[in-house]
Amino acid sequence: MRVTVQPNLESVPSDQWNSLAGNDPFLQHEFLLALERAGCVGGDSGWEPRHITVYAEDTSRLIGAVPLYLKHHSYGEYVFDWAWADAYARSGREYYPKLVAAVPFTPATGRRLMVSEPDRDEIAALLIDATRAVADATEASSLHWLFPATTDLDLLTKHGLLARTGCQFHWSNPGYRDFEDFLSGMTSHKRYNIRRERKRLSEADVTVEVLQGAAISSELWDVCYRFYRATIRAHGGMAYLTREFFHMIGQTMTGHTVLAVASQKGEYVGMALGLRNAHTYYGRYWGGRPDIPGLHFETCYYAPIEYCIAQSIARYEAGAQGAHKLARGFMPTPTYSAHWLRDPTLRRAVADFLKREHGNVGQQMDELNEHSPFRQPAISPHASRS
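On a predicted model such as this, the values are computed, not experimentally measured, just so you know.

Attention now moves to the overall build of the protein chain. Looking only at helices and strands, the protein chain has 11 helices and 15 strands in total. Taken over C-alpha atoms, the radius of gyration comes to 21 Å for the protein chain, in line with the 21 Å a tight globule of 386 residues would show. Seen through its principal axes, the protein chain has C-alpha atoms that stretch 60 × 45 × 45 Å. When burial is assessed residue by residue, the protein chain has 55% of its 386 residues classed as buried. Sequence separation of 24 or more characterises 75% of the internal contacts of the protein chain that already satisfy a separation of 6 or more. Surface accessibility of the protein chain: about 16900 Å² in total, with carbon and sulfur atoms responsible for 50%. Averaged over its 40 positive side-chain charges, the protein chain has a centre that lies 5 Å from the centre of its 43 negative ones.

Now the structure itself:
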């Protein structure tokens, strides 16, 4: 087998990469390449592509890959290691650069060890070793695998990486007939609150339409970008994505893009962008007028839930953080990451911290589940790990 490190995805055949990515929209060659071509990664972004690829011996057939980036900061990751960077600085050492195996700006669980099924463990081991080799070659302080699937996490921990547990809020669809069927499983108080929120929006003469793929016009992609930038400005965040990026995925990912668009008297007043595959809807970016009550909840939660029910989509991952999602039917769900740190002293300190953090996250999730909006405990879409 032949291992290479790719500074971009231009030279990697899209069909071969996508055959490893499966139906994960964020691992699609088109999504990652759009980030590169639109200047969201590379250049002075602090995200330098170092993708690992493995080809079958004496052939050009791609059999393994890792989306890998050399990082010069910790922005856009959603797994926070600022305290680790501070510990390095206090000891007089540099934490950056570091390496992350991840999808930039995307806190969605998925495969990070992208391998063909035959000889999976052998190819995965080769990929893990290759990422360590890149860490050595770049003098990276550490290597972080963000939001890996549990099958990947098992392999990573077997190779000595430290597991970390986080929490998100996911909605699960056991086969609801419609939105009212979904509400029927909730307590009367939660049902009342959601109906009231939706009614207030209707009384404000706001309508929300959910559009997919080719139905999203170039004008709407501009609207999407404008609201995205407005949200960033309002919350003091960083605008990772460019206008070109939105238009690129609009052209190349029509089978995955979904936009909930809110209008009032002929004017666009809000939007929420999601990506989907056959079984999961992923909420990503939102923006809207802050003076319209309930606009955020409708575009980000209720309209997408109705869409998922109509499309028989089993799960809705609404992104990072947000305990307010619990009252709207999104249940606490564990997420994971895996970490290797070069310095043995810091590694021991982090290992001790992660053990304590794991217990705290578990306790927090138990407490959140006690406040479930459902009359009967909802089944989480993912089982917890011990």
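This part covers the nonpolar core. Counting residues in each nonpolar core, the largest one holds 52 residues, and the members touching the most others are Trp17, Phe31, Leu35, Phe105, Leu241, Phe245 and Phe246. Those elements that place two or more of their residues in this core are helix H1 (14-21), helix H2 (29-37), strand E4 (62-66), helix H8 (218-235), helix H9 (243-252), strand E11 (257-264), strand E12 (267-276) and strand E13 (280-288). Setting aside its immediate chain neighbours within four residues, phenylalanine 245 contacts Phe31, Ala34, Leu35, Ala38 and Cys40.

Counting buried positions along E12 yields eight of 10 residues, so the element is predominantly enclosed. The pairing of E11 with E12 spans eight bridges and is classified as antiparallel. From the neighbouring strand, serine 263 faces E12, where its bridge partner is tyrosine 268. Taken together, E11 and the strand that follows it, E12, pair antiparallel across an intervening segment of two residues, in which lysine 265 is found at a positive phi of about 50°. In the sheet, E12 pairs with E13 via seven bridges, with the strands oriented antiparallel. Note on E13: the bridge partner recorded for leucine 273 is tyrosine 285. What sits between the antiparallel neighbours E12 and E13 is a turn of three residues.

With that settled, consider the sheet that holds E12. In space, the 11 strands of this open sheet follow the order E2-E5-E6-E8-E15-E9-E14-E13-E12-E11-E10, with mixed pairing throughout. Whereas interior strands pair on both sides, the edge strands pair on one side only; in this sheet they are strand E2 (47-49) and strand E10 (206-212). Put simply, the sheet's adjacent strands are angled 30° from each other on average, direction ignored.

Turning our eyes to something else, we now look at the environment of alanine 260. Positionally, alanine 260 belongs in strand E11. Alanine 260 gets classed as buried once you look at its relative accessible area, which sits at 1%. As a C-alpha pair, alanine 260 and cysteine 300 span 40 residues in sequence and 7.8 Å in three-dimensional space. Discounting residues that sit within four places of it in the chain, alanine 260 has contacts with Val208, Glu209, Val210, Gly270, Met271, Ala272 and Thr299.

With that settled, consider the packing of aromatic side chains. Within the structure shown, the criterion is met by 26 aromatic pairs. Plain terms: the ring middles of phenylalanine 26 and tyrosine 282 are 5.1 Å apart, the flat faces sit at 75° to each other, and that makes the pair edge-to-face. Here the residue phenylalanine 26 occupies a position in the loop between H1 and H2, and tyrosine 282 occupies one in strand E13, the gap between them amounting to 256 residues. Summarising the burial analysis for this pair, phenylalanine 26 and tyrosine 282 share the class buried. Considering the side-chain rings of phenylalanine 246 and tyrosine 285, the 6.5 Å spacing of their centres and the 80° angle between planes classify their relative orientation as edge-to-face. Residue phenylalanine 246 is found in helix H9, and its partner tyrosine 285 is found in strand E13; the two are separated by 39 residues along the sequence.

Turning to the sheet that holds strand E3 (residues 51-55), a few remarks are in order. Overall, antiparallel pairing links the four strands, which are arranged E1-E3-E4-E7 in an open sheet. The open sheet has two free edges, formed respectively by strand E1 (2-6) and strand E7 (114-115), since each of these has just one partner strand. Bridge count for E1 against E3 is five bridges, and the pairing is antiparallel. Bridging from a neighbouring strand, glutamine 6 pairs with histidine 51 of E3.

Among the residues of H1, Gln16, Trp17, Asn18, Leu20 and Ala21 are the ones counted as buried. Buried residues along H1 sit in contact with H2, E3, E4 and E7. Among the residues trailing H1, glycine 22 stands out with phi positive, at a value near 65°.

Applying the stated criterion across every chain yields a total of 19 salt bridges. A salt bridge links glutamate 306 to arginine 198; its shortest N-O distance comes to 3.1 Å. Here arginine 198 lies in helix H7 (residues 188-203) and glutamate 306 lies in helix H10 (residues 295-311), a separation of 108 residues in the sequence. Arginine 289 is paired through a salt bridge with glutamate 267; the nearest N and O atoms lie 3.9 Å apart. Taken together, the residues arginine 289 in the loop between E13 and H10 and glutamate 267 in strand E12 connect sequence positions 22 residues apart. On the basis of relative accessible area, glutamate 267 is assigned to the partly exposed category, the value being 41%. Because the salt bridges share partners, they merge into one network encompassing Lys71, Glu77, Asp81 and Lys98.

Take the confidence of the model for the protein chain next. Caution is warranted with low-pLDDT regions, since their predicted coordinates should not be read in detail. On average, residues of the protein chain score 94 in pLDDT, and 97% of them reach the 70 mark or higher. Low pLDDT, under 50, characterises residues 379-386; the predicted model gives this stretch 23 contacts beyond four residues in sequence or across chains.

Definitions and cut-offs
- Residues numbered from 1 in each chain as written.
- Predicted model: local features only at pLDDT ≥ 70, side-chain atom pairs only at ≥ 80, totals over all residues.
- Heavy atoms only, no water.
- Helix = DSSP H or I, 4+ residues; strand = E, 2+ residues; numbered from the N terminus.
- Rg over C-alpha atoms; globule rule 2.2 N^0.38 Å.
- Buried < 20%, exposed > 50% of the residue type's maximum accessible area, 1.4 Å probe, protein only.
- Contact = heavy atoms within 4.5 Å.
- Areas by Shrake-Rupley, 256 points an atom, 1.4 Å probe, with all protein chains shown as cover.
- Lys, Arg positive; Asp, Glu negative; His and termini not counted.
- Charge placed at Lys NZ, Arg CZ, Asp CG, Glu CD.
- Core = buried A, V, L, I, M, F, W, Y, C linked by side-chain atoms within 4.5 Å.
- Pairing = 2+ DSSP bridges.
- Axes fitted to C-alpha atoms, helices over the stretch in contact; angles between N-to-C directions.
- Phe/Tyr/Trp six-rings, centres within 6.5 Å; stacked < 30°, edge-to-face > 60°.
- Salt bridge = Lys/Arg side-chain N within 4 Å of Asp/Glu carboxyl O.
- pLDDT = per-residue confidence, 0-100.

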